[in-house]
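Each chain is listed here by its residues.
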Amino acid sequence: MRLVILDNYDLASEWAAKYICNRIIQFKPGQDRYFTLGLPTGSTPLGCYKKLIEYHKNGDLSFKYVKTFNMDEYVGLPRNHPESYHSYMWNNFFKHVDIDPNNAHILDGNAADLQAECDAFEKKIKEAGGIDLFVGGIGPDGHIAFNEPGSSLVSRTRLKTLAMDTILANAKYFDGDLSKVPTMALTVGVGTVMDAREVMILITGAHKAFALYKAIEEGVNHMWTVSAFQQHPRTIFVCDEDATLELRVKTVKYFKALKRGTVPTPAYSQRTCTHSGTTDS
Amino acid sequence: MRDGRGTVRAPVLQFTNCRILRGRRLLREDLWVREGHIVDPEKLFFEERLVADQQRDCGGCILAPGFIDVQINGGFGVDFSQATEDVSSGVALVAQRILSHGVTSFCPTLVTSPPEIYHKVLPQIPVKSGGPHGAGVLGVHLEGPFISREKRGAHPEAHLRSYEANAFHDVLATYGSLDNVRIVTLAPELGRSHEVIQALTARGICVSLGHSVANLRVAEEAVQSGATFITHLFNAMLPFHHRDPGIVGLLTSDRLPPGRHIFYGMISDGMHTNPAALRIAHRAHPQGMVLVTDAVPALGLGNGRHTLGQQEVEVDGLTAYVAGTKTLSGSIAPMDVCVRHFLQATGCSVESALEAASLHPAQLLGLEKHKGTLDFGADADFVMLDDSLHVRATYISGELVWQAEEARQ
């Protein structure tokens, strides 16, 4: 894995956004060649989305030939509810960029047949040629998407009941009222994300530090589902200093030294399609 | 715009780089319009999988719901109370000219007149949608003749009437048809007002209290019978008294039907009401404030002397005098001037000032789902304003109907 440690949340968000931007541009997407991106929700990626929007508004990045697949969506919450993941993606990303609505895929938590909806989602990913880069976050209980502790590490897109840790963490979005928090969600499986050609996990904040420790310094364990990515050929963990608080000093020093030896990644631009310096990939 | 099946689809317009008045706040949001209505872009994106067909950059301007003037007696030389041969041309002229003031809907107002005038004029002022031709006509506001002699103001004494004898039948006989009528101003102390107010309200007509010497109790009973508006608060009514606040007391009355509050019109031209009085009313009851122009035919005429009907009027800036005197001859401040003056005099928020000229009159007339708002589903009647609330452009049903000179480059 790569572990990229930035000083703070803003720098981590910027690094991640630049990485995504460069990946898309280097791919040279076009009419018959879409870049497929897996996307998360929550507070962690907000800074990254803001940066991507900025690159788009500067004319450096277009989402015209990008297909997106979100990780999850609540079950039973109306699509236009302010806390639905549809609303999140619209307000924090889609409405600011030029993505084709037909290429923005989010699971429908109000589908009549939920499992069929999940199966159809897997099929759409397959038809799109698989995911080029899946961006995700980590829950305080070490989950990826809504793959709660105990989820199979080879699971596919399915209906999940949320763990109490997750419900508590989400309560802040529902006026602190636990009874208002949805208890079920549709989510991509651990296996679904593992199928992606590249995975980037964003982890910021001290409250995620223990989960990061469990995910990368302990063994692969279905109780901390992000640990599955130890077995993925191409995973990057992007974090801020606070998220490393539970790691061994040795681990942190090793990865920081790796980063020190390289030139900082510039941001590509689709206008110029050129760059200076080498990338640290 | 052709969709996948080859059928022509109505274009979607996206107004960008603007702040819109929505949910009582100015938000940095785009305004999306389709087929003359304001649409929800999130719904378009996820359900119909559509993006905008055209984008319009608003240059950082404010987009507010179009202003609604529920009391305007004429303008540009036109007098709605005059029975000319071609009343509708006069209404159309005013409707077109007030677009530049940001008004997208209005109630042509008739002052106290003899029955012949009502019978002749009313059928010629139908309710009409707005458009490039002019602001929409929501219905006529009949101010009089059932008003107080003592508080008639400039209304002709000879034509004042009462409905003591036959209540609502007298009303019908006086006005003729009520088809095009939206608001009636009357004095609730007149005998049998209770029945008349109930009958008018039952027909969906808004009853307003004005030109009256009613005390608070009589005013409250009128509201309980169905009255919902006060015509030009403070003018032509008993002054506020601490032991009997009169009609003014309705602003803070605790005897109104539950869930209802009173709306009140104010002419905020810096002349007809002292700013301190404007502030007292606004602070006492901000939700009820409705800005009106109560404009007279001299509105929009340049400085100098003009002959209007039987009157000689001298216009000097924002003031109209009876020629050769210092007597005020009605208001001639356009609606956008009233809004700016209101903002400056009360120190209220921009949102508050804009709502007083749009949302509140719409609520008064029960139109708030379609007018006076930029909520999804509402008619796309709106004004583009700069930060000092000068009108840059006016839109009706999503179509540009007026634009300031500089903006045309």
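Residues numbered from 1 in each chain as written. Chains lettered and ligands numbered in written order. Predicted model: local features only at pLDDT ≥ 70, side-chain atom pairs only at ≥ 80, totals over all residues. Heavy atoms only, no water.

Caption draft 1: Quick look at unusual backbone geometry. Residues and elements named next belong to chain B. That bond from Gly 144 to Pro 145 is cis: its omega, 5°, falls within 30 degrees of zero. Following the sequence through the fold, Pro 145 ends up in the loop between strand S13 (140–143) and helix H4 (168–175). Backbone geometry at Arg 49 places phi at a positive 60°, although glycine is not the residue there. Its location among the elements puts Arg 49 in the loop between helix H1 (41–48) and strand S6 (54–57). On the basis of relative accessible area, Arg 49 is assigned to the partly exposed category, the value being 32%. Residues other than glycine seldom take positive phi values, yet Ala 236 does so here, at roughly 60°. Summarising the element assignment, Ala 236 is placed in the loop between strand S16 (229–230) and strand S17 (263–267). (Helix = DSSP H or I, 4+ residues; strand = E, 2+ residues; numbered from the N terminus. Buried < 20%, exposed > 50% of the residue type's maximum accessible area, 1.4 Å probe, protein only.)

Caption draft 2: Spatial organisation of the interface of chain A and chain B. Counting residues at the interface gives 12 residues for chain A, matched by 11 residues for chain B. Buried area between chain A and chain B, both sides added, is near 1,100 Å², and the carbon and sulfur share of it is 59%. If you sort the residues of chain A by the area they bury against chain B, Arg79(A), Trp90(A) and Pro101(A) come out on top, with a joint share of 61%. Run the count over chain A and chain B and you get 2 salt bridges. Among the ionic pairs, Arg79(A) bridges to Glu47(B), the shortest N-O distance being 2.6 Å. Element by element, the count of residues in the side of chain A that touches chain B is highest for helix H3 (residues 85–92) of chain A, at 3 residues. Of the residues belonging to the side of chain A that touches chain B, the class tally is 6 nonpolar, 4 polar and 2 charged. (Contact = heavy atoms within 4.5 Å. Buried area = accessible area lost by both parts, 1.4 Å probe. Salt bridge = Lys/Arg side-chain N within 4 Å of Asp/Glu carboxyl O. Nonpolar A, V, L, I, M, F, W, Y, C, P; charged D, E, K, R; others polar.)

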